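# Commentary on secondary and tertiary structure
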Amino acid sequence: MAKGYWVSVYPAISDPERLTAYNKLAGPAVRAGGGRLLSRGGRVVAHEAGITQRVVLIEFDSFEQAVAAYESEAYQKALVALPSSVERDFRIIEGVD
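All of these numbers come straight from a predicted model, not from anything done at the bench.

Calculation criteria
Residues numbered from 1 in each chain as written. Predicted model: local features only at pLDDT ≥ 70, side-chain atom pairs only at ≥ 80, totals over all residues. Heavy atoms only, no water. Helix = DSSP H or I, 4+ residues; strand = E, 2+ residues; numbered from the N terminus. Rg over C-alpha atoms; globule rule 2.2 N^0.38 Å. Buried < 20%, exposed > 50% of the residue type's maximum accessible area, 1.4 Å probe, protein only. Contact = heavy atoms within 4.5 Å. Areas by Shrake-Rupley, 256 points an atom, 1.4 Å probe, with all protein chains shown as cover. Expected span 1.5 Å × (residues − 1).

## A few points about the overall build of the protein chain
The secondary structure content of the protein chain amounts to three helices and four strands. Against the globule reference of 13 Å for 97 residues, the protein chain gives a C-alpha radius of gyration of 13 Å, in line with a compact fold. Seen along its three principal axes, the alpha-carbon backbone of the protein chain occupies a region of about 35 × 35 × 15 Å. In the protein chain, buried positions account for 33% of the 97 residues. Of the contacts made within the protein chain by residues no fewer than 6 positions apart, 77% connect residues no fewer than 24 positions apart. Accessible surface computed for the protein chain: about 6200 Å², of which carbon and sulfur atoms make up 52%.

Written out as structure tokens, the structure is:
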């Protein structure tokens with residue numbers, strides 16, 4: 001079964017302290033949904049049309065598990081805390097077997 005991934009890119013963060021409040025709720029929700037943090041805001045080298053802003057990569061055992069974690073009550077509560085001062089490009093993708 002192919003793994004599932006959450007990929008988030010943050011082109012703009014104008015209030016990092018409010019993002020921290022979201023992270024405090026999102027982290028436990030992601031772990032409860034079976035997610036494993038692979039990368040968060042580390043070094044980035046961008047090529048072609050890439051951007052070097054913050055990137056977060058979370059792995060799940062399956063695509064279905066990744067979707068279910070996003071739709072969970074706990075993560076939906078975390079999303080409410082995600083400040084409007086944060087611009088985020090979020091995707092759930094399926095890995096290859």
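## Examining helix 1 (residues 16-32)
Over its 17 residues, helix 1 extends 24 Å from the first C-alpha to the last, a length consistent with the 24 Å expected when each residue adds 1.5 Å. Residues of helix 1 that are buried: Leu19, Tyr22, Ala26, Gly27, Ala29 and Val30. Where helix 1 is buried, its residues meet strand 1 (4-13), strand 3 (54-60), helix 3 (73-81) and strand 4 (86-94).

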